[in-house]
Amino acid sequence: MDFTFSEDEQAFRAEAAQWLSANIPAPGSLGSLDTKEGFEKHRAFERLMFENHWSVVSWPEEFGGRDVGIIEWLIFEEEYYKAGGPKRVSQNGIFLLAPTLFDFGTDAQRARFLPPMASGDEIWCQGWSEPDSGSDLASLRSSATRVDGGWTLNGQKTWASRGAFAEWCFGLFRSDPEQERHRGLTYFLIDMESEGITRRPIAQLDGETGFAEIFFDDVFVPDAQVLGDVGQGWAVAMATAGSERGLSLRSPARFSEAVKRLYELLIEREGEPSAPLTRLADQTAQAYCNAQAYELQTWWTATSIREGNGVGPEASATKIFWSEMDLHIHQTALEILGPNAALRERDGSLSDWLDGFLFSLAGPIYAGTNQIQRNVVAERLLGMPRK
Amino acid sequence: MRFAFTDEQLALRQGAEEVLEGTCTPADIRAIYDSGDVAQGRSDLRWSALNDLGVLSLLAGEDVGGLGFGDVELVGVLESGGAVCLPEAVAIHAGVAVPLLQSLGAPLASRLSEIIAGGSAISVGGVDSDLSGPVVRWFDGEAHAERVEGVSRAAFFLLASANDDGVLVSFVPREHCVIERTPSLDITRDLGTVTWTPTPPTTIASGDDAVVLIDEIASRSAFVAAAELCGVVDAMVTETALYTKDRQQFGSPIGSFQSIKHLVANVRVGLEFARPAVYRAAWSFATQDDRRHHDAALAKALASELGLLAASTCLQVHGGIGYTWEHDLQFSLKRCWALASAHGDAATQRARAMVLGLSN
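These numbers were taken from a predicted model, which means no experiment stands behind them.

Peer 1: I would appreciate a short explanation of the state of the cysteines in the present structure.
Peer 2: In a disulfide, the sulfur atoms of two cysteines are held together by a covalent bond. All names here are of chain B. In total, this model carries zero disulfides over all chains according to the counting rule given. We note that Cys230 lacks a disulfide partner, and the nearest cysteine sulfur, in Cys336, lies 10 Å from it. Owing to a relative accessible area of 0%, Cys230 belongs among the buried residues under this scheme.

Peer 1: Help me out: how do you make sense of the side chain of B:Thr23 in this one?
Peer 2: Residues and elements named next belong to chain B. Along the chain, Thr23 turns up in helix α1 (residues 7-23). A distance of 2.7 Å separates a polar atom in the side chain of Thr23 from the backbone oxygen of Val19. In contact with Thr23, other than residues within four places in its own chain, are Asp28, Arg42, Leu45, Arg46 and Ala49.

Peer 1: Would you mind showing me how to read the interface of chain B and chain A here?
Peer 2: As a measure of interface size, the accessible area lost when the parts come together is often cited. Residue-level contacts link 45 residues of chain B with 51 residues of chain A. In this assembly, chain B packs against chain A so that about 4500 Å² is buried in total across both faces, 71% of it on carbon and sulfur atoms. Broken down residue by residue, the surface that chain B buries against chain A is led by B:Met1, B:Phe3 and B:Phe273, which jointly contribute 21%. Our count for the contact surface shared by chain B and chain A stands at three salt bridges. Here A:Asp282 ties to B:Arg350 by a salt bridge, and the two come within 2.8 Å at their closest N and O atoms. For the interface between chain B and chain A, the tally reads 16 residue pairs in polar contact (both at pLDDT 80 or more). Of all the secondary-structure elements, those providing two or more residues to the side of chain B that touches chain A are α7 (207-246), α8 (258-286), α9 (292-318) and α11 (346-358) of chain B. Considering each element in turn, the side of chain B that touches chain A owes the most residues, 16 residues, to α8(B).

Peer 1: What am I meant to see in the sheet that holds strand β8 (residues 192-196) of chain B here?
Peer 2: Sheet strands associate in pairs through backbone hydrogen bonding, adopting either a parallel or an antiparallel arrangement. All names here are of chain B. In spatial order, the strands read β4-β8-β7; together these three strands make up an open sheet with antiparallel pairing. This sheet does not close on itself; its edge strands, each paired only once, are β4 (143-148) and β7 (178-181). If you compare each strand with its neighbour and ignore which way they point, the axes differ by 15 degrees on average.

Peer 1: Teacher, can you tell me more about the sheet that holds strand β6 (residues 166-173) of chain B here?
Peer 2: Residues and elements named next belong to chain B. The strand order across the open sheet formed by four strands is β1-β5-β6-β9, and the pairing between neighbours is mixed. With partners counted over all chains shown, the strands left at the sheet margins are β1 (121-125) and β9 (203-206), one partner each. Direction aside, the axes of adjacent strands within the sheet are offset by 20 degrees on average. In this structure, strand β5 (residues 154-163) lies alongside β6, joined through eight bridges in antiparallel fashion. Directly across from Ala160, in β6, lies its bridge partner Val169. Across the sheet, helix α5 (residues 90-103) is in contact with β1, β5, β6 and β9; its angle to β1 comes to roughly 85 degrees.

Peer 1: How should empty space enclosed by the protein be read in this particular structure?
Peer 2: In this approach a probe as big as a water molecule rolls over the atoms, and the regions it shows empty are the leftover space. Residue and element names in this part refer to chain B. For the structure on display, the rule yields six cavities of 30 Å³ or more. When its volume is computed, the largest cavity comes out at roughly 90 Å³. Elements with a contribution of two residues or more to the lining of the largest cavity: α5 and α10 (329-341). Looking at the lining of the largest cavity element by element, the count peaks at three residues for α5.

Peer 1: Would you take a moment to explain the packing of helix α7 (residues 252-270) of chain A against helix α8 (residues 279-306) of chain A for this structure?
Peer 2: If you want to describe how two helices pack, look at the angle between their axes and the distance between the axes. All names here are of chain A. Where α7 contacts α8, the axes come no closer than 9 Å and their chain directions differ by 165 degrees. If you check the angle between α7 and α8, you find them roughly antiparallel. Pair α7 / α8 crosses with left-handed handedness. Along its contact with α7, which presents Pro252, Phe255, Ser256, Val259, Leu262, Tyr263, Leu266 and Glu270, the element α8 presents Leu280, Ala281, Thr284, Ala287, Tyr288, Ala291, Tyr294, Glu295 and Thr298. Of the residues contributing to the contact of α7 with α8, the split by class is twelve nonpolar, three polar and two charged.

Peer 1: Hey, could you run me through unusual backbone geometry in this one?
Peer 2: Residues A:Ala275 and A:Pro276 are joined by a peptide bond in cis, for which omega reads -10 degrees. Checked against the element boundaries, A:Pro276 lands in the loop between α7 and α8. Although it is not a glycine, A:Arg162 sits at a positive phi angle of roughly 65 degrees. Topologically, A:Arg162 is positioned in the loop between β3 (150-161) and β4 (168-174). Even without glycine at this site, B:Phe250 takes up a positive phi of about 55 degrees.

Peer 1: I would appreciate a short explanation of the UniProt feature "domain: Acyl-CoA dehydrogenase/oxidase C-terminal" (unreviewed entry) in chain B in the present structure.
Peer 2: Look at the UniProt record and you will see "domain: Acyl-CoA dehydrogenase/oxidase C-terminal" (unreviewed entry) annotated at residues 223-351 of chain B. Segment residues 223-351 of chain B splits into 77% helix and 3% strand. End C-alpha atoms: 16 Å apart.

Peer 1: Explanation requested: the pairing of strand β7 (residues 211-222) of chain A in the structure shown.
Peer 2: It is a general feature of regular strands that their side chains alternate between the two faces of the sheet. Residue and element names in this part refer to chain A. Of the pairings in the sheet, the one linking β3 to β7 comprises nine bridges and is antiparallel in character. When the bridges of β7 are listed, Gln156 appears paired with Phe215. By the bridge criterion, six bridges tie strand β6 (residues 197-202) to β7 in an arrangement that is antiparallel. Bridged to Pro201 within β7 is Ala212.

Thresholds, definitions, all that
Residues numbered from 1 in each chain as written. Chains lettered and ligands numbered in written order. Predicted model: local features only at pLDDT ≥ 70, side-chain atom pairs only at ≥ 80, totals over all residues. Heavy atoms only, no water. Disulfide = S-S within 2.5 Å. Buried < 20%, exposed > 50% of the residue type's maximum accessible area, 1.4 Å probe, protein only. Helix = DSSP H or I, 4+ residues; strand = E, 2+ residues; numbered from the N terminus. Polar contact = N/O pair within 3.5 Å; in protein donor to acceptor, adjacent residues only side chain to side chain. Contact = heavy atoms within 4.5 Å. Buried area = accessible area lost by both parts, 1.4 Å probe. Salt bridge = Lys/Arg side-chain N within 4 Å of Asp/Glu carboxyl O. Pairing = 2+ DSSP bridges. Axes fitted to C-alpha atoms, helices over the stretch in contact; angles between N-to-C directions. 1 Å grid on protein atoms, 1.4 Å probe; cavity = no way out; pocket = protein on both sides within 12 Å on 5 of 7 lines; lining within 4 Å. Points joined across faces, edges and corners; volume = space filled by probe spheres on them. Parallel < 35°, antiparallel > 145°, perpendicular 65-115°, else oblique. Left-handed = near helix turned anticlockwise from the far one by under 90°. Nonpolar A, V, L, I, M, F, W, Y, C, P; charged D, E, K, R; others polar. UniProt positions renumbered as here; feature names shortened; annotations may be inferred.

Below is the structure:
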């Protein structure tokens, strides 16, 4: 056990901090990720990061990364959020699809898709859920039919984050109609400009079109865009959730930085905490402890990954923890703000805490609802019976 | 940066688990519960087995007859003790008294050496925790320390008190103390009130030195309790998950019902995030990191909250049988409730962690 950082790690941190502090845009200046204008501004920042080899530090250099390990990646994340970095518009690609491409993709697929993903030139959305297949993903019915040189896709996907503006989509389709549930599914990489695709943006709670429905009417996808083996789509999809870089969906620095702001807000309203603690000071202390615990558990997991262990069902415990912590942080902030919390500020857009609160409400729902995650924790970490 | 145990550290934990498996069975704990006598249930045998293993003096230097290990080695042993609801106050002796006496250097080295050679027990008292830090009781003539753990076995006491001249820490042989056992819910913790008269010969720290030492006592006590809590919760949630496989209602094991699954899963999630905080605190003590008081508060805050959640959840999942004296679950429940409030409860410790971590 050793919590000190090596000279190389410290040098890496210093270099990242220096670049980020000089280049991260002023808070709020990029606008909302879920508007066309804000989306393009976020994309431009991704390109700047890519040109300076900061967008995907843990990837091999040939794809635009720095080939550093998971510890350096976490150091980068700490510095990114300390410097007030914006949400990553390319996150579905770089954090969810990329690890799967590294594990299951062909050399040609990696060469074709990774660089433009890292530069933000091609933004990806996820086509997994369907109107009748949410938590029960394995019941999905959108189909892939074999044709000359590829497949024809039909059906409907929904809740595709970034789906309103994305250039590409990774999706799961039933390629064998004779098979049921987890069998007979195939994982496809789909150009959103393909003939037969219709997208209908869906306005979220904040009124912006953060996600979309996608309709597929005889959409042709060439064989080169099948990821993994035909019929093995479920295994590929589950690897996305469990792969080592899947850890990156929520890095701890996001929360520790949010808690620092929460503490400042508390002191602004109530002064320094003293005994006996007010209810809001206690809630803030809970948020602080949870963010610290999350950070430590991340170093624990990162060490385990670096030493060759995969991410197991513990990832479900992690997802429950960060999503509920995020919600708690924002609910506490709104309670401290009191009735003013409900006001829109800044030129008609939502105040940061209110915006963050709406965003955090989605956490317990997406990436597998927390109820599904609790089933996984109970069955796979504790061995409780499925039936 | 490497946040994991070494094979040697894991082997040490396993050694302790094996000794405890043989010497600290539920029947042993029950013997104490049923008789009210902490000497029952093979207490002496267990104490000497742990002494032979070197656990009691793990943190003492080799010069005084210890193993010269650190808190990272100790923490797994403390968890193992928690898992079996170990009645003897090994955590306080090995994780608080021994390292702090060791830290005082030469004047106490020969006494520590004798204690280790004789396999004697040291208990610690007189320090409570508040948001602002440790709290020590004022005395006039006689001093009192309440809720001291393991009073029946202790041959020596490390005790804090305060009067007009300031705070002081005493190291007092048992024969100079009056000990009154205090009935408590977890009988096995063997609590008592210790009364003594602080005198110059027994004073080992006064003034600023005593303030520092009392800070260390408070933080180390919180850390060892947090480690024990993780151990007891791990054992309890594992047993509860097994129970849900066996217990049938409506023609199915109750563990197949999502209402039950989600309750138990919450405990497992809490454990997943409390443990790394406890291990980090171990490293901070081992390296005398400036963060150690913060890390101890964080660990205890998370572990106390987890302990209360685990106790109420596991009782609820067991239903009526868990509410009986006959079922062994009561040992773990009572240990959780006792440790959750001892040495700073969750609310106190999380506030302390936040203030230490965020105020400039």
